[in-house]
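Given next are the chains, with one letter for each unit.
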Amino acid sequence: MDPRLLPFGLCLLVLFHSGLAQIQPRRPQQQPRLSGRPECQIDRITAREPNHYVESEAGVSEYWIPDENDELECAGVQAVRHTINPKGLLLPYYPSTPELAYVVRGQGIQGTVFSGCPETFETPMPSEGGREEFLDRHQKVYRYKEGDVIALPAGSVHWTYNDGDTPIVTITLRDTSNVANQLDRTFRKFFLAGNPLNKQIQHGGRSQQGNGQSGRRQEQPRRGEEQERGRGGSRGGGRREEQGQEGSNIFSGFDDQILQEVFNVEYDTVRQLKGQNDNRGFIVRADNFQVITPEKQEQRSSRGSRRGGANGMEETICSAQLSANLANPSHADVYNPRGGRVSTLNSHKLPVLDLLQLSAERGILYKNAVLSPHYNLNAHSIIYVTSGSSRLQIVRNDGSAVFDDWVREGQLIVVPQNFAVVKKAGEEGCEWVAFKTNDNAITSQLAGRFSYVRALPEEVLMNSYEISREQAKSLKYNRQEGVVFSPRSTSPRESAKNTLLNVLFG
Amino acid sequence: MDPRLLPFGLCLLVLFHSGLAQIQPRRPQQQPRLSGRPECQIDRITAREPNHYVESEAGVSEYWIPDENDELECAGVQAVRHTINPKGLLLPYYPSTPELAYVVRGQGIQGTVFSGCPETFETPMPSEGGREEFLDRHQKVYRYKEGDVIALPAGSVHWTYNDGDTPIVTITLRDTSNVANQLDRTFRKFFLAGNPLNKQIQHGGRSQQGNGQSGRRQEQPRRGEEQERGRGGSRGGGRREEQGQEGSNIFSGFDDQILQEVFNVEYDTVRQLKGQNDNRGFIVRADNFQVITPEKQEQRSSRGSRRGGANGMEETICSAQLSANLANPSHADVYNPRGGRVSTLNSHKLPVLDLLQLSAERGILYKNAVLSPHYNLNAHSIIYVTSGSSRLQIVRNDGSAVFDDWVREGQLIVVPQNFAVVKKAGEEGCEWVAFKTNDNAITSQLAGRFSYVRALPEEVLMNSYEISREQAKSLKYNRQEGVVFSPRSTSPRESAKNTLLNVLFG
Amino acid sequence: MDPRLLPFGLCLLVLFHSGLAQIQPRRPQQQPRLSGRPECQIDRITAREPNHYVESEAGVSEYWIPDENDELECAGVQAVRHTINPKGLLLPYYPSTPELAYVVRGQGIQGTVFSGCPETFETPMPSEGGREEFLDRHQKVYRYKEGDVIALPAGSVHWTYNDGDTPIVTITLRDTSNVANQLDRTFRKFFLAGNPLNKQIQHGGRSQQGNGQSGRRQEQPRRGEEQERGRGGSRGGGRREEQGQEGSNIFSGFDDQILQEVFNVEYDTVRQLKGQNDNRGFIVRADNFQVITPEKQEQRSSRGSRRGGANGMEETICSAQLSANLANPSHADVYNPRGGRVSTLNSHKLPVLDLLQLSAERGILYKNAVLSPHYNLNAHSIIYVTSGSSRLQIVRNDGSAVFDDWVREGQLIVVPQNFAVVKKAGEEGCEWVAFKTNDNAITSQLAGRFSYVRALPEEVLMNSYEISREQAKSLKYNRQEGVVFSPRSTSPRESAKNTLLNVLFG
C-alpha cells in the first residue's frame with residue numbers, strides 16, 4: 001500500500017458511513033437474527049399504509065402487521081405509528097422485542113425504567129405535613145423532540161407523555177426477529193396499566209381517502225372513523241394473536257389477594273391496578289402532570305457526548321443515553337448542497353444501539369435528486385417517508401424489479417438485505433427515516449465515487465461489459481459525486497450527448 | 001445525576017442480581033438462541049412430572065420430553081432427573097447441547113474430558129513389575145455434593161460416579177435451542193460405552209400414586225414398576241427419535257477391524273468396546289472403583305476464586321472451574337430473615353457459564369412467604385421444586401393467567417421469557433432450583449423496593465391507574481422489602497385496614 | 001495441577017489443532033448458525049457428485065444443491081466447483097452468504113472489493129494526451145495458486161481471472177445458514193455484469209461415465225455435453241428458485257434512464273451494463289487483460305504475517321489478508337511421516353475467517369493410513385476429496401452407521417456435527433479439503449494419544465466396558481500416535497497377536 005495513501009485511507013475509515021471500512025475483522029459485523037426461514041420468496045414488494053389501528057382516549061395507533069410470507073414477515077419486523085395528542089400519556093409497558101422510534105413531529109417526555117437502577121430524579125414538594133412531605137423520587141426521564149431517534153430496549157418499561165401543545169407523531173420499528181426475543185418471532189406487549197383489550201384493533205387504514213395522499217391527517221384523528229369499526233374481517237385465523245397483541249394489563253391475571261399482599265395496599269388500589277373498568281385505551285389523557293426534567297436538557301450531539309463525557313459510569317445501562325437527534329443538518333454524514341443529505345445513527349454514535357442491534361438513517365433528497373443505487377450489505381432497510389415522495393426501484397438477485405413505483409409520505413417499504421435499490425425524489429423532494437436491522441448497517445454503492453466501478457480495474461469492466469477502455473473510464477469517472485447525486489450532473493465533462501436525457505428525465 | 005448518588009448507584013450495580021445494572025451497552029445481553037419459531041401459542045402451562053423413564057442396573061433416569069408446541073418445546077429445553085445408587089457409574093457420553101445439572105442430594109465424583117487438555121491427575125501404583133508399574137494418568141476429576149451446580153459443556157465427554165452411601169439425585173436441564181447445537185433443536189446423546197438402546201424408554205412416570213404427592217420416592221426405585229413397561233404407547237411418530245435418544249454406544253457403528261487397527265487391541269477388547277451384549281443400561285454398578293481426588297477439595301466460593309486465584313492459566317478451558325455451590329446460605333444474593341433467600345449463579349461467578357449460556361438460581365421461601373411478582377427479562381426460567389410447594393400464578397401478555405395452581409416437590413414448570421409470575425410458599429415452605437436460558441439472566445420486579453413503581457414518577461402512576469397521589473404513594477412505598485416478602489408486612493405504616501386481609505390470607 | 005506440567009499444558013495449548021485447549025471460557029466457542037430446524041433426521045449420508053451444472057464461454061460451474069432434508073440442507077450449506085479456462089474471467093458478483101474456496105489446481109488473480117476502501121493499486125500508462133493519460137486506479141488484487149484457501153465475505157464484490165495457461169479448478173463452500181444471511185437460508189448471487197440467466201442450469205452431472213471415477217476430466221469440458229441439456233427434469237417445484245440462483249445481472253432491473261443519469265454515460269454503455277444480449281455465461285473469455293499485481297507477491301505464511309506485520313491498519317478490513325496457503329507441507333499442524341499430515345486454517349491464522357465464521361482443513365493420508373476416529377465438536381465438516389480415495393464410516397448418536405463406503409476424487413460428503421467418523425485411505429492414498437462451519441472448528445479424538453481414553457481413569461474404562469485393568473491399559477496406551485495413524489502400528493509393544501489382523505486388513 002502506498003504509504004502516502006494511508007492518511008486518505010484513514011480518512012475514509014472515519015468519515016464514510018457507507019463502507020465496510022469501520023469493520024474490524026476481529027469483531028464480526030454480523031449480528032445474529034433468528035430468521036430460521038428456509039426460503040423467502042419475494043416476488044413483489046409493496047409501499048404500505050398501515051393495515052390496522054386502535055383509537056385511544058388521547059391518540060391513535062396505526063399498525064403495519066405482516067401477512068404470511070410478505071416482505072415484512074421475511075424481514076422479521078413490524079411497525080406502528082403513534083399519534084399522541086397534547087396531554088396524552090402512553091401507558092407504561094414492556095415489549096418482548098427491541099423497538100426503535102423516530103419522532104416525526106412534536107415533542108414530549110420519555111421514561112425508560114431499568115430494573116435495579118437508582119431513582120436519581122427528585123421532586124422537592126412545598127407542603128410540609130403528613131405523608132405528602134415525602135419527595136417524589138423516580139428514575140431519570142428525558143425530553144425528545146422532532147427528529148430524535150429513541151431506543152426502547154426489550155424488557156424495559158417505557159412510557160411517554162406529550163406536554164406540548166401539538167400532537168406527537170412517532171414511527172416505531174419492532175424487531176421481532178431480534179435475539180432478545182427468545183420465545184418466537186411474535187411481538188408481545190406487556191402493559192402495566194390500563195385495559196387495552198377493551199379497545200378492539202380495527203382492520204384497514206383509518207381513512208378511506210385513497211392511498212395516494214396521506215400527509216398530516218394522522219395528527220387530527222377524525223371522529224367519523226368510529227363507524228368503520230368491524231369492517232375488514234379476519235386476516236386469517238393463524239394471525240389472530242397478533243391482533244390481540246395489545247391485551248389487558250398483566251395485573252389483571254393476578255389474584256386480588258396476592259396483589260393486596262405484595263403491594264400492601266387497599267382493595268380499591270388493587271382494583272385500579274387491574275384497570276378492568278378502564279375504557280381509555282392505552283394513550284390516556286393526563287391533565288395534571290408535573291414531571292421534572294432538567295430545565296435545559298443539553299442536546300449534546302451524540303458524537304460530542306462520546307468524546308467528552310465518557311467515564312466509567314457512562315458505560316452502565318443506568319446512565320446510557322437512549323436517544324439522539326438525526327434531523328439537525330449539522331449531524332449529516334453525507335451532504336451535497338445540490339442534492340441533499342443523509343445522517344446515520346449507529347452504535348458508534350449511540351452505544352445503546354449495540355444492545356438493540358438496530359440503527360437508523362435520516363435522508364433528505366431535494367427536488368429530483370437521486371440517491372445512488374446501492375444495496376444494504378448486512379441489514380434489511382425499512383423506509384418510512386416522512387414528507388414528499390420518491391420513485392424507488394428495488395431489484396432482486398435475478399435482475400427483476402420487485403418494486404418500481406412511487407413511495408409517498410406516510411408509507412413504509414421494506415428493502416431486503418442485498419437487494420439493489422435506487423431512489424429519485426419527486427417534485428416536492430423527499431424526506432425519510434430508514435430503520436436497519438443491524439447496529440452498524442453498511443450500504444454498498446453501485447454508482448458514484450465510492451462504488452465498485454471505481455474499485456475494479458478497467459480491464460475487468462471492459463471484459464465484463466464488453467465495452468471499450470473509453471467507456472470503462474466513463475463508467476468509473478463520469479459521476480464524481482458520492483452518495484447523493486444532484487438532479488443534473490455538474491461535471492464539466494457533462495457533454496451535449498446527455499442533453500436529450502436531461503430534457504426527458506431531469 | 002446528583003453526584004452524591006453515585007456511590008449509591010455503584011452499590012446497586014454491584015449488589016443487585018435482579019437488575020439490568022451489570023450490563024454494559026457495549027456487550028449485548030442477548031445470547032442468540034435458535035428458536036426460529038414463527039409463533040408459540042402458550043395458552044396453558046402445566047406443572048409437570050417426568051413423562052418417560054429408563055431403569056438401569058444402578059439407577060433410574062426420568063425425563064421431561066416436550067410434546068409438540070408445549071411450553072417445554074417453546075422454551076427449547078428438556079430435562080432429566082437421574083437417580084444414581086451407591087457405587088453407580090453413569091457411563092461416559094458427550095451431549096449435542098450444553099447441560100446444567102443441580103445436585104438435589106447425595107455426593108459423587110464428576111469427570112469432564114476436554115480434548116487436548118493434559119492428564120494432570122496421577123495415581124502411583126504400589127506394584128513394581130511388568131506393565132502394571134505404569135502409573136494411571138487421567139484428566140482432573142472433581143467432587144460434588146448436594147447443592148452444587150454442575151456445568152456440562154456440549155461435545156465434552158462426561159461421566160459421574162457415586163462413591164457415597166446414599167443415592168445421588170440430580171436434575172439436569174438440556175438446552176436444545178442452544179447455538180452449540182448446529183444441526184437442529186433435538187437433543188442427541190453420544191454414548192462411548194454400554195448399550196443403552198437395550199433399555200427401552202418407558203412412557204409415563206415411574207409411579208401411579210397421583211400427581212399431588214411426590215417426595216423422596218425417587219431415591220428408592222421400587223421394583224414393582226417393572227410391570228408398567230409398555231404402557232403409554234407412542235407419542236406420535238414424529239417424536240420417535242427422542243425416545244431413541246439414549247441409543248447404543250457409537251463404537252457399535254464402526255467396523256471391528258477398523259477399531260482393532262486404531263486401538264491396536266485384541267478382538268475381545270473391541271467386542272467389549274461395542275458393548276453389544278451389555279444389558280446394564282447406562283448407570284452401571286462399579287464395585288471396585290478407586291479414583292483419586294485431592295483429599296480436601298477446596299470448596300472455595302466462586303467469588304473468592306475469581307478474585308484471588310485468577311491468572312493466565314485459569315482462562316483456559318483446561319483449568320476452568322465447572323461447578324459451584326448454590327445451597328450454602330452464605331452465598332445468598334437476596335436474604336430476608338423473615339421470608340427466605342435467593343442465590344444466583346451466573347457467568348460472573350462461574351465463568352464457564354458464558355460458554356453454556358445458561359445460569360441457575362436457588363431459592364428458599366419460608367412458610368407463606370412471597371417472592372415478588374416479576375418477569376425474566378432475557379431468559380426463560382425452568383423451575384424444579386426440590387422440597388415443599390408453592391402456589392404460582394403465571395400471566396401472559398394479554399393479562400390472562402396461563403397457570404394458577406400449586407407446584408410441588410419433584411415437579412417442573414416453565415416460566416417463559418417476559419411472562420409475569422408470582423410465587424407464594426405453602427405451609428411447609430418451598431425450595432427450588434431454576435435454570436435460566438441466559439448466562440446472565442435478569443429478573444425485573446413488579447412490586448417492592450426494586451420495582452418499576454418506585455422508578456415511575458407519581459404522576460405516571462396517578463394517571464395510568466386513575467388513582468390519587470395518596471394511593472400512588474402507597475403503591476410506591478407500602479412494600480419496603482425488595483425481592484423476598486415476609487408472610488405479613490412488618491412496615492410500621494401497615495395499618496388496621498389490612499387486618500382483614502391478613503386474617504383472610506396471611 | 002502439578003506445576004511441572006504447566007509447560008506441557010501450555011505446549012498443548014499452542015500446538016494442537018484438535019483440542020478445546022485454545023478456547024477461553026470468556027469467549028464462547030459457539031458461533032450462531034440459523035438452523036432453526038426442529039429436527040433433522042439423518043438416516044443415510046451420500047458421497048455426492050455435483051447434481052447441476054452451467055457451461056459458460058470460458059469455463060463450467062458444477063453445483064451441489066441440496067434436496068429437501070438431505071444432509072446438505074441439514075448442515076445449511078451448498079457447494080460449487082468452478083473450472084475456469086485460461087484467459088477466463090469470472091464476472092463480478094456479490095453473494096448473500098460467505099463463501100470459502102479452495103484452489104484445487106491452477107493459479108490466477110482475485111479481486112475482492114470492499115465498499116469504502118481506497119483504490120491503492122495504480123497503473124502508470126505510457127500515452128500522454130486526452131483522457132487516457134489518467135492512471136487506472138483500483139482496489140488491491142492478489143494472486144492465488146493451487147492449495148490456497150480464499151475467503152469471500154458476504155456482500156463484497158468478487159471477481160477472478162485466469163492469467164495462467166492451465167485451467168483453474170476451485171471448490172467453494174456456500175454457507176447458507178450463516179448469520180450474514182438475514183433473509184432466509186437460501187444462497188443468492190447478485191451479478192454485476194453479464195446475463196447469466198441466459199445459461200440454463202442443467203440437471204445431473206456433466207458426464208455419464210459412472211460415479212466411481214472422476215478425476216481430471218473437469219479440466220477439459222467436453223463439447224459433447226451440450227446434448228445433455230434438458231435432461232434431469234425439475235427437482236420439485238419448491239426448489240425452483242435455487243436453480244435460478246445464477247440470474248441476470250442486477251442492472252437489468254433498473255430503468256435505462258435512471259442508469260444513464262446515475263452513471264452519466266451514453267445509452268450504449270447502459271445497454272452493455274445491463275448485458276441483455278450477452279450470451280457468454282458468467283465465466284467469459286478476456287483476451288486482453290493486463291492487471292497489475294506486485295511482481296513478487298510475498299507468500300508469507302499467515303502465521304508470520306500475524307506476528308511480524310501486525311499494526312493498526314492491519315486491523316481494518318481494507319488491508320485484511322483474504323487468502324492463505326494450506327498445501328505447503330511446512331504449514332502442517334499434524335504430521336506423521338509414515339501416515340500423512342493435516343493442516344488447519346482457522347481464524348487464529350487468517351483473522352478474516354472470524355468474519356466468515358468458517359474454517360478449512362487440508363489432509364493427506366498415505367496409502368492405507370488411518371485418520372483417528374473423531375467427531376467435530378462445534379461444526380459440521382464438508383469434505384471434498386481432491387485426489388485418491390478413502391473409506392469412511394460415519395456413525396450417528398444411536399450407534400448406527402449412516403455411511404460406510406468409499407469416497408473418491410471429486411466427491412463431496414457431509415459429516416454432521418458430533419457424528420463419529422473414521423477415515424482409512426485406499427491404495428493410492430487420499431487428499432482432501434474439509435470446510436468447517438465454525439471459524440475455530442474443534443475435533444475430538446476417539447482413539448490415540450489425544451483421545452478420551454487417555455483422559456479417563458482406568459476404573460472408568462474397566463467398569464464402562466467390563467474389561468480388566470490390563471485391557472484398559474491396552475485401550476489407553478497401545479496406540480501411541482495422535483491423529484494420523486500409520487498403516488501398521490510401529491509400537492514395539494505391538495505383539496504377535498495383531499499379526500492376523502494385519503494380514504487380513506493392513
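Note that the coordinates shown come from a computational prediction; the quantities given were computed from them, not determined experimentally.

K.L.:
Looking at this model, I keep getting lost on the overall build of chain A. Mind explaining?
P.N.:
Check the secondary structure of chain A and you find 11 helices and 26 strands. Burial status across chain A gives 69% buried among its 506 residues. Long-range pairs, those at least 24 residues apart, make up 77% of the contacts in chain A between residues at least 6 apart in sequence. Of the roughly 16,900 Å² that chain A leaves accessible, carbon and sulfur atoms contribute 47%.

K.L.:
Quick question: what am I supposed to make of the environment of C:Gln445 here?
P.N.:
All names here are of chain C. As for its placement among the helices and strands, Gln445 is situated in strand β25 (residues 443-445). Put simply, Gln445 and Phe121 are 324 residues apart on the chain and 46 Å apart in space, counted from C-alpha to C-alpha. Within polar-contact distance, the side chain of Gln445 engages the side chain of Ser372 at 3.1 Å. A distance of 3.5 Å separates a polar atom in the side chain of Gln445 from a polar atom in the side chain of Thr443.

K.L.:
Help me understand the sheet that holds strand β1 (residues 52-56) of chain A, please; the structure alone is not making it clear to me.
P.N.:
Strand pairs in the sheet, formed through backbone hydrogen bonds, run parallel or antiparallel to each other. Within the open sheet, the eight strands sit side by side as β14-β1-β2-β3-β12-β5-β10-β16 (chain A). Their pairing is antiparallel. Only two strands of the sheet have a single neighbouring strand rather than two, namely β14 (202-203) and β16 (323-325) of chain A.

K.L.:
I would appreciate a short explanation of the sheet that holds strand β3 (residues 77-84) of chain B in the present structure.
P.N.:
Residues and elements named next belong to chain B. The sheet built from eight strands is open, its strands ordered β14-β1-β2-β3-β12-β5-β10-β16 with antiparallel pairing. Every interior strand has two partners, whereas the edge strands, β14 (202-203) and β16 (323-325), have only one. Pairing of β3 with strand β12 (residues 168-175), which is carried by eight bridges, proceeds in the antiparallel orientation. Looking at β12, one finds that Ile84 is bridged to Ile168.

K.L.:
What is the right way to look at the packing of aromatic side chains in this model?
P.N.:
Any pair of aromatic rings gets described here by the distance separating the centres and the angle formed by the planes. Under the criterion given, the structure shown has 30 aromatic pairs over all chains. Ring geometry for A:Tyr93 versus A:Phe191: centroids 5.9 Å apart, planes at 55 degrees, classification tilted. Here A:Phe191 lies in strand β13 (residues 189-191) and A:Tyr93 lies in strand β4 (residues 88-95), a separation of 98 residues in the sequence. Considered together, A:Tyr93 and A:Phe191 belong to a single accessibility category, that of buried residues. Chaining the aromatic ring pairs together yields one cluster made of A:Tyr94, A:Phe190, B:Tyr375 and B:Phe419. A cation over a ring is seen here: A:Arg479 above A:Phe485, with NZ or CZ 4.3 Å from the ring centre. For B:Lys189, the ring lying beneath its charged end belongs to B:Tyr93, and the centroid distance is 4.3 Å.

K.L.:
So what exactly am I meant to see when it comes to the state of the cysteines here?
P.N.:
Residue and element names in this part refer to chain A. Using the criterion set out here, one finds six disulfides over all chains in the structure. Each disulfide pairs two cysteine sulfurs, and for Cys40 the partner residue is Cys74, the sulfurs being separated by 1.8 Å. Between Cys40 and Cys74, the disulfide has an S-S torsion of -105 degrees and is therefore left-handed. A residue pair is termed long-range when its members are at least 10 positions apart, and Cys40 in the loop between α1 (6-15) and β1 and Cys74 in helix α2 (residues 71-75) qualify at 34 residues. Both residues of the pair, Cys40 and Cys74, count as buried.

K.L.:
Would you mind showing me how to read the pattern of salt bridges here?
P.N.:
It is possible for side chains of opposite charge to pair when their charged atoms get near one another. Tallied over the full model, the rule gives 75 salt bridges over all chains. B:Asp163 serves as the salt-bridge partner of B:Arg143, at 2.2 Å between the closest nitrogen and oxygen. Pair noted here: B:Arg143 is in strand β9 (residues 141-145) and B:Asp163 is in the loop between β11 (157-161) and β12, with a separation of 20 residues, a long-range link. Taking the relative accessible area as the measure of exposure, B:Arg143 reaches 22% and is therefore partly exposed. Residue B:Asp163 is classed as partly exposed on the basis of its relative accessible area of 33%. Between C:Asp287 and C:Arg285 there is a salt bridge, and its shortest N-O distance comes to 3.1 Å. With a relative accessible area of 42%, C:Asp287 lands in the partly exposed category. In this structure C:Arg285 comes out as partly exposed when scored by relative accessible area, which is 43%. Each of the salt bridges in this network shares a partner with another, and the network as a whole consists of A:Glu458, A:Glu459, A:Arg469 and A:Lys473.

K.L.:
Is there a simple way to explain helix α5 (residues 267-274) of chain A in this structure?
P.N.:
Every α-helix winds through 3.6 residues per turn, so residues three or four apart in the chain are directed the same way. Within α5(A), the full set of buried residues consists of A:Thr269, A:Val270, A:Leu273 and A:Lys274. Seen from one end, α5(A) has its buried residues packed into an arc of 140 degrees, which puts them on one side. Contact partners of the buried residues in α5(A): α4 (256-263) of chain A together with α9 (458-465) and α10 (469-477) of chain B. With its phi angle positive at about 60 degrees, A:Gly275 sits one or two positions after the end of α5(A).

K.L.:
It is not clear to me how the packing of α9(B) against α10(B) should be interpreted in this structure. Could you clarify?
P.N.:
Describing two packed helices takes the angle between their axes plus the distance from one axis to the other. Residues and elements named next belong to chain B. The interhelical angle for the contact between α9 and α10, taken along N-to-C directions, is 110 degrees, at an axis separation of 9 Å. Relative to α10, the element α9 is oriented roughly perpendicular. Remark: the crossing between α9 and α10 carries right-handed chirality. Residue-level contacts link Glu458, Glu459, Leu461, Met462 and Tyr465 of α9 to Arg469, Ala472, Lys473, Leu475 and Lys476 of α10.

K.L.:
Where do I start with the pairing of strand β1 (residues 52-56) of chain B in this structure?
P.N.:
On a regular strand, one side chain projects to one face of the sheet and the next to the other, so that they alternate. Residue and element names in this part refer to chain B. Where burial is concerned, most of β1 is hidden: five out of the five residues are buried. Neither face of β1 is open: one carries His52, Val54 and Ser56, the other Tyr53 and Glu55, and all of them are buried. Here β1 runs beside strand β2 (residues 59-64); their pairing, made up of five bridges, is antiparallel. Paired with Val54 across the bridge in β2 is Ser61. The hairpin formed by β1 and β2 contains two residues between the paired strands. Across two bridges, the pairing between β1 and β14 is antiparallel. Bridge pairing in β14 links Tyr53 to Gln202.

K.L.:
Sorry, what's going on with the domain arrangement of chain A here?
P.N.:
All names here are of chain A. The domain boundaries assigned to chain A delineate domain 1 (52-222 + 242-307) and domain 2 (321-505). Opposite the 43 residues of domain 1 that make contact, domain 2 presents 34 residues. Of the roughly 3,200 Å² buried where domain 1 meets domain 2, counting both sides, 64% is carbon and sulfur surface. The interface formed by domain 1 and domain 2 contains zero salt bridges.

K.L.:
Sorry, what's going on with the pairing of strand β24 (residues 420-436) of chain A here?
P.N.:
Residues and elements named next belong to chain A. Counting buried positions along β24 gives 14 out of 17 residues, so the element sits mostly inside the fold. In this sheet, β24 lies alongside strand β19 (residues 359-365) in antiparallel orientation, the contact comprising seven bridges. Paired with Leu365 across the two strands is Cys430, which belongs to β24. With four bridges joining them, strand β20 (residues 370-376) and β24 adopt antiparallel strand pairing. Bridging across to β24, His374 finds its partner in Val421. Pairing geometry for strand β21 (residues 381-395) and β24, over 13 bridges, is antiparallel. Looking at β24, one finds that Val395 is bridged to Ala420.

K.L.:
Help me understand unusual backbone geometry in this model?
P.N.:
Glycine aside, negative phi is the norm for most residues, and most peptide bonds take the trans geometry. The phi torsion at A:Asn69 lies on the positive side, around 65 degrees, for a residue other than glycine. On the accessibility criterion, A:Asn69 (48% relative accessible area) is partly exposed. Within the chain, B:Glu466 stands out as a residue other than glycine whose phi angle is a positive 55 degrees. Inspection of the secondary structure assignment puts B:Glu466 in the loop between α9 and α10. Judged by its relative accessible area of 44%, B:Glu466 falls in the partly exposed class.

K.L.:
Would you take a moment to explain the confidence of the model for chain A for this structure?
P.N.:
Do not read the predicted coordinates in detail wherever pLDDT is low. Residue and element names in this part refer to chain A. Confidence along chain A averages 79 in pLDDT terms, with 74% of residues attaining 70 or more. Every residue in residues 295-314 is under pLDDT 50, and counting partners more than four places away or in other chains gives 25 contacts. Confidence drops under pLDDT 50 across residues 489-506; counting only partners more than four residues distant or on other chains, this segment forms 23 contacts. The complex prediction reports pTM at 0.85, with the ipTM value standing at 0.82.

K.L.:
Could you clarify how one ought to interpret the environment of B:Asn195 in this entry?
P.N.:
Residue and element names in this part refer to chain B. Looking at the element boundaries, Asn195 is found in the loop between β13 (189-191) and β14. Separated by 55 residues in the primary sequence, Asn195 and Ile250 have C-alpha atoms spaced 9.4 Å apart. Not counting residues within four places of it along the chain, the set of residues in contact with Asn195 comprises Ser248, Gly275, Gln276 and Asp278. Side-chain polar atoms of Asn195 contact the backbone oxygen of Gln276, separated by 3.2 Å.

Cut-off values and rules
Residues numbered from 1 in each chain as written. Chains lettered and ligands numbered in written order. Predicted model: local features only at pLDDT ≥ 70, side-chain atom pairs only at ≥ 80, totals over all residues. Heavy atoms only, no water. Helix = DSSP H or I, 4+ residues; strand = E, 2+ residues; numbered from the N terminus. Buried < 20%, exposed > 50% of the residue type's maximum accessible area, 1.4 Å probe, protein only. Contact = heavy atoms within 4.5 Å. Areas by Shrake-Rupley, 256 points an atom, 1.4 Å probe, with all protein chains shown as cover. Polar contact = N/O pair within 3.5 Å; in protein donor to acceptor, adjacent residues only side chain to side chain. Pairing = 2+ DSSP bridges. Phe/Tyr/Trp six-rings, centres within 6.5 Å; stacked < 30°, edge-to-face > 60°. Lys NZ or Arg CZ within 6 Å of the ring centre and 35° of its normal. Disulfide = S-S within 2.5 Å. Salt bridge = Lys/Arg side-chain N within 4 Å of Asp/Glu carboxyl O. Arc of directions from axis to C-beta. Axes fitted to C-alpha atoms, helices over the stretch in contact; angles between N-to-C directions. Parallel < 35°, antiparallel > 145°, perpendicular 65-115°, else oblique. Left-handed = near helix turned anticlockwise from the far one by under 90°. Domains from an automatic or database assignment. Buried area = accessible area lost by both parts, 1.4 Å probe. pLDDT = per-residue confidence, 0-100.

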